[in-house]
Amino acid sequence: MAAMISQRRAAASVASSSAPKRGSRVVTRVAQPLAQPGSQSAAADASMLARAGLPPTTTPYDNYVFASIREAEVNRAMTRRYFKDMDEFAESDVVIVGAGSAGLACAYELGKVAPHLKVALLEQSVAPGGGAWLGGQLFSAMVVRKPAHLMLDELEVPYEDEGHYVVVRHAALLTSTLMSHVLKNPNVKLFNATAVEDLIVKPDPQLGGARRVAGVVTNWSLVAQAHGTQSCMDPNVIEAGVVVSACGHDGPFGATSVKRLARLGMVPGGEVPGMGALDMEAAEGAIVGGTREVVPGMVLAGMELAEVDGSPRMGPTFGAMIVSGRRAAHVALAVLEKRRKVAAGAAAAAAGKEMAASA
Ligand SMILES: Cc1cc2nc3c(=O)[nH]c(=O)nc-3n(C[C@H](O)[C@H](O)[C@H](O)COP(=O)(O)OP(=O)(O)OC[C@H]3O[C@@H](n4cnc5c(N)ncnc54)[C@H](O)[C@@H]3O)c2cc1C
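In this text the structure is predicted, and so the values were computed from the model without any measurement.

Participant: Describe the side chain of R212, listing the residues and the values that go with them.
Facilitator: As for its placement among the helices and strands, R212 is situated in strand β8 (residues 210-220). Reaching out from R212, the side chain makes a polar contact with the side chain of D204 at a distance of 3.1 Å.

Okay, structure coming up:
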């Protein structure tokens, strides 16, 4: 026992002598670089291993050689594709504004049920994912209320089943998995670091001249941020059969489309009340149930909808964002189909008139 006590005292005295003293200079240990092949230390390592009768240390990446490349090739490989995409997606079937959980879920669903459609997914941030990289207050776990967890089954994202809700170990697992599914679809183009600054709004003959959202006005986010200091930085545009806006709740960047519609006097009821006080029980159903074409040509999904409906905020529970995004995809498809049928009807009527006139 006495020996054990003296051992403990010795350990404690080593620990206290190695701890930095108040006012003393703290010496940080710098990690030694790994032995470079051919260096003195590599030779020393090799001879030490040889003396011990062991083979030299190797990794699968020793003697790794890259294929040769020229700088201009790298440049052209990126820009050629980007500008081709800009050209192709200048007229998109669906534009989704915001690649948070609702926008990503919408793009996922469109890719699943209508993979032939051209979908431009616009995200002002460099990193898509919105608020879905974390749970509440920067915690890692993500809560999803049943039955929204069926999406997790579909994506093969593991979770802990807590009965009436499930928990994904890290929110980033769902977000990155969802994103990888979306980005594999060649007909979905994510333009990140691209902000929607305004909407294209036009009188629509199909609506008897009433206004319809017909696309979005975009700019690279860095350019958008410099509007206060630089002049003459005109934006770009994407025309769309339908716009799904999923910009999230109001804040420095959020609720862009809703705020713009309000300034244009297009929000039904005029005012944008902003999201209501927190009520988790009621909030999620209100978002999913309210997902709709709010004005002709624009479907709202996710928390942006709460801004226009005044429905309660919900805090960090994400099932409603996923289901609202998925529902928005089907609403968008119905909008496109409605327009196609009306246009076909109008064309048939015009052809009938022409035939009657020529008879
Ligand atoms: C820190 C934090 C705070 C939260 N606060 C709340 C809360 O107050 N109430 C609540 O119910 N839930 C809150 N949540 C939960 C959760 O974030 C949201 O409910 C959920 O993220 C909303 O999903 P969404 O897809 O609607 O929007 P978001 O996840 O916010 O995604 C919107 C995306 O649109 C992009 N975007 C916005 N404007 C533009 C634009 N003009 N052009 C292009 N892209 C644009 C944004 O960059 C973002 O990526 C919070 C979560 C976190 C982590």
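Participant: Which residues make up the sheet that holds strand β4 (residues 160-161), and what values do they have?
Facilitator: Spatially, the 3 strands line up as an open sheet ordered β3-β5-β4, and their pairing is antiparallel. Where the open sheet ends on each side, the last strands, each with one partner, are β3 (142-145) and β4. Judged from the 4 bridges that link them, β3 and strand β5 (residues 165-168) form a sheet pairing that is antiparallel. Paired with V143 across the bridge in β5 is V167.

Participant: Can you explain the pattern of salt bridges? Please cite residues and give values.
Facilitator: All chains considered together, the criterion is met by 15 salt bridges. For E88, the salt bridge identified is with K84, shortest N-O distance 3.2 Å. Of this pair, E88 and K84 both sit in helix α3 (residues 71-88), separated by 4 residues, roughly a single helical turn. What makes E88 partly exposed here is its relative accessible area of 34%. Measuring nitrogen to oxygen at the nearest pair gives 2.9 Å for the salt bridge that ties R340 to E337. Taken together, the residues R340 and E337, both in helix α11 (residues 319-358) and 3 residues apart, mark about one turn of the helix. Each of the salt bridges in this network shares a partner with another, and the network as a whole consists of E109, K112, E154 and R326.

Participant: I'd like a description of the confidence of the model for the protein chain, backed by residues and values.
Facilitator: In this model, the protein chain carries a mean pLDDT of 89, and residues with pLDDT of at least 70 account for 89%. In the predicted structure, residues 26-33 sits below a pLDDT of 50 and forms 1 contact with residues beyond four places in sequence or in another chain.

So, how was this worked out
- Residues numbered from 1 in each chain as written.
- Predicted model: local features only at pLDDT ≥ 70, side-chain atom pairs only at ≥ 80, totals over all residues.
- Heavy atoms only, no water.
- Helix = DSSP H or I, 4+ residues; strand = E, 2+ residues; numbered from the N terminus.
- Polar contact = N/O pair within 3.5 Å; in protein donor to acceptor, adjacent residues only side chain to side chain.
- Pairing = 2+ DSSP bridges.
- Salt bridge = Lys/Arg side-chain N within 4 Å of Asp/Glu carboxyl O.
- Buried < 20%, exposed > 50% of the residue type's maximum accessible area, 1.4 Å probe, protein only.
- pLDDT = per-residue confidence, 0-100.
- Contact = heavy atoms within 4.5 Å.

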